[in-house]
Amino acid sequence: MNNEADTQPSAWAEVSLANIAYNVQVLKSTLKPGTQLMAVVKANAYGHGTVPVARAALDAGATWLAVARVSEGVELRAAGLDAPVLLLGPIAPAEATAAVNAQLVVSITSLRFAQALADAAQAAGTTASVHLKIDTGMSRFGVPLDDAIGAAQALTRMDGLRLDGVFMHFATADEADPSFAQLQIARFEGALNDIRRAGIAVPLVHAANSAGILAATSYHFDLVRAGIALYGICPNSAFTQCADLRTALSLKSRVAYVRAIHRGTSVGYGRTFVAPRDMHVALVSIGYADGVRRALSNKGEVLVRGHRARILGRVSMDQIVVDADACEAQEGDEVVLIGRQGDAELSAEEVAGWAGTVSYEILTGIGARVPRVYLSANNANSR
Ligand SMILES: *Cc1c(COP(=O)(O)O)cnc(C)c1O
């Protein structure tokens, strides 16, 4: 990126690492004594930037990191971070060597893959640390419950591997009804008992995502895996500790220009908005390639001068048009798509509601061309 783009981007995301650090402390204060915190930084740290977030989380007291792809783990190592990194999902056998070389702790979801990893580790003259993932109800990946003990036994016999942990993942921990989460935990504890009764030591047991952390300390075990809450978003507003979390990301752009249009003039592709009166419209330099969902066409709102202004017509790849009369927009004004401006706020959850999705998809969908700007501590949002 050239310097001009650095100093005056059309659209940018401001990230408060102080708020990430603060959220680590809030989450740590909810943990059962002795439980460690893993910062989940997959998908570019939910759009916030992998390496800066990982560093901030570790400095604030997280002791583990987690990623979904080998490339994400390699990026952490290349930045000089040497904390333990768990690779959460299954990877292709062809990626085993890269995972071993980056010293990632690898999730085992099938014995066939475990053998490929063991071979790669032995070829590299090392031992790969692995965590066995047990499927207790997600039916996505992980060894089936009934195979858990057999898999644990097989892993302890494989040269080149060391079984250092066992984990599961919740399907519904963010929901009001705790019954399925409790069933998953009961299944998990049953499998753990079987494994331990077979004389296999399990140094690290973990189950909880953000919702699990906030739902019950009985879900904490040795380690918890915090994603969305680390970024200040509450998985369910019924969790009272959420009140203390601080969002860390704002998505911003600028008014490129304001123009007057006559009643009856159509705006944008497909002419889906027709001016009901003579009015002013503002062109804003951000579009769906930057992460403004096209589903926000004629529906979403932005903040200008502390007021809400509606998106008019379709979201384009690089631009949106908004109602300038509602906010008295002027050329060059800052436009907030996620975050606060004055007393007004647009949360990632509200944006997700317009788009019919979840805050996770909004945050991870912020475009690669949007520069992330890291605020210094004294610039941090107070909320
Ligand atoms: C992404 C992920 C998490 C983090 O989930 P949040 O809901 O964002 O806290 C935890 N565990 C696993 C296995 C994941 O894939």
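Preceding this section is the structure that the text describes.
Below or above, wherever it landed, is the structure these notes cover. Computed from a predicted model, the values in this text were never measured in an experiment. (Residues numbered from 1 in each chain as written. Predicted model: local features only at pLDDT ≥ 70, side-chain atom pairs only at ≥ 80, totals over all residues. Heavy atoms only, no water.)

## Some thoughts on the overall build of the protein chain
At step 1: Counting its secondary structure elements, the protein chain contains 12 helices and 20 strands.
At step 2: The C-alpha radius of gyration of the protein chain comes to 23 Å, within 12% of the 21 Å expected for a compact globule of 383 residues.
At step 3: Expressed along its principal axes, the backbone C-alpha trace of the protein chain runs to roughly 80 × 45 × 40 Å.
At step 4: Residue burial in the protein chain is summarised as follows: out of 383 residues, 53% are buried. (Helix = DSSP H or I, 4+ residues; strand = E, 2+ residues; numbered from the N terminus. Rg over C-alpha atoms; globule rule 2.2 N^0.38 Å. Buried < 20%, exposed > 50% of the residue type's maximum accessible area, 1.4 Å probe, protein only.)

## Remarks on helix α9 (residues 179-197)
At step 1: An ideal rise of 1.5 Å per residue puts 27 Å on 19 residues; α9 measures up with 27 Å between its terminal C-alpha atoms.
At step 2: Buried residues of α9: Ala-181, Gln-184, Ile-185, Phe-188, Ala-191, Leu-192 and Ile-195, and no others. When α9 is viewed along its axis, its buried side chains cluster within an angular range of 125° and face the same direction.
At step 3: Those residues of α9 that are buried are in contact with β6 (128-135), α8 (148-157), β8 (161-167) and β9 (204-206). (Expected span 1.5 Å × (residues − 1). Arc of directions from axis to C-beta. Contact = heavy atoms within 4.5 Å.)

## Some points on the environment of Ala-181
At step 1: Along the chain, Ala-181 falls in helix α9.
At step 2: With relative accessibility at 2%, the residue Ala-181 sits in the buried group.
At step 3: The spacing of Ala-181 and Tyr-257 is 76 residues in sequence and 51 Å in space, taken between C-alpha atoms.
At step 4: Look past the residues within four positions of Ala-181 in its chain and what remains in contact with it is Phe-170, Thr-172, Ala-173 and Tyr-219.

## Here we look at the pattern of salt bridges
At step 1: Here the structure, examined in full by the defined rule, presents 13 salt bridges.
At step 2: Among the salt bridges present, the one from Arg-308 reaches Glu-301, with a minimum N-O distance of 2.7 Å.
At step 3: It is possible to trace a salt-bridge network through shared partners that takes in Glu-14, Lys-252 and Glu-334. (Salt bridge = Lys/Arg side-chain N within 4 Å of Asp/Glu carboxyl O.)

## Some remarks on the environment of Thr-136
At step 1: Position of Thr-136 among the secondary structure elements: in the loop between β6 and β7 (143-144).
At step 2: For the pair formed by Thr-136 and Ala-18, sequence separation is 118 residues and the distance between their alpha carbons is 36 Å.

## Digging into the nonpolar core
At step 1: The biggest cluster of nonpolar side chains holds 132 residues, and the ones touching the most others in it are Leu-117, Leu-132 and Ile-320.
At step 2: If near-sequence neighbours (up to four positions away) are discounted, Leu-132 is found in contact with Ile-108, Val-143, Ala-148, Ala-151, Ala-152, Leu-155, Leu-163, Gly-165, Val-166 and Phe-167.
At step 3: Membership of the second largest hydrophobic core comes to 9 residues, among which are Ile-261, Val-267, Phe-273 and Met-279. (Core = buried A, V, L, I, M, F, W, Y, C linked by side-chain atoms within 4.5 Å.)

## Overview of the pairing of strand β11 (residues 249-261)
At step 1: Note that strand β1 (residues 11-16) and β11 share 5 bridges and pair antiparallel. In the sheet register, Glu-14 faces β11, and the bridge partner there is Ser-250.
At step 2: Of the strand pairs in this sheet, β11 and strand β18 (residues 334-341) are connected by 4 bridges, and their pairing is antiparallel. Residue pairing across strands places Lys-252 opposite Val-336, the latter belonging to β18.
At step 3: Bridging between β11 and strand β14 (residues 279-284) involves 6 bridges; their strand directions are antiparallel. Bridge pairing links Ile-261 to Met-279 in β14. (Pairing = 2+ DSSP bridges.)

## Comments concerning unusual backbone geometry
At step 1: Positive phi, normally seen in glycine, also occurs at Gln-103, with a value near 50°.
At step 2: For Gln-103, the location among the structural elements is in the loop between α6 (96-101) and β5 (105-108).
At step 3: Notably, Arg-271 is not glycine yet its phi reads approximately 50°, a positive angle.
At step 4: The residue Arg-271 is located in the loop between β12 (266-267) and β13 (273-274) in this model.

## Let's talk about the packing of aromatic side chains
At step 1: Applying the stated criterion to the full structure yields 4 aromatic pairs.
At step 2: Ring plane angle 25° and centroid distance 4.6 Å describe the contact between Tyr-46 and Tyr-231, whose orientation is recorded as stacked. Highlighted residues: Tyr-46 in helix α3 (residues 42-46) and Tyr-231 in the loop between β10 (223-226) and β11, separated in sequence by 185 residues.
At step 3: Among the residues examined, Tyr-46 registers a relative accessible area of 6% and is labelled buried.
At step 4: Ring pairs connect the aromatic residues Tyr-46, Tyr-231 and Tyr-360, which therefore count as one cluster.
At step 5: Over the aromatic face of Tyr-22 sits the side chain of Arg-246, whose NZ or CZ is 3.6 Å from the ring centroid. (Phe/Tyr/Trp six-rings, centres within 6.5 Å; stacked < 30°, edge-to-face > 60°. Lys NZ or Arg CZ within 6 Å of the ring centre and 35° of its normal.)

Interpretation note: all reported values are geometric properties and have no functional meaning in isolation.
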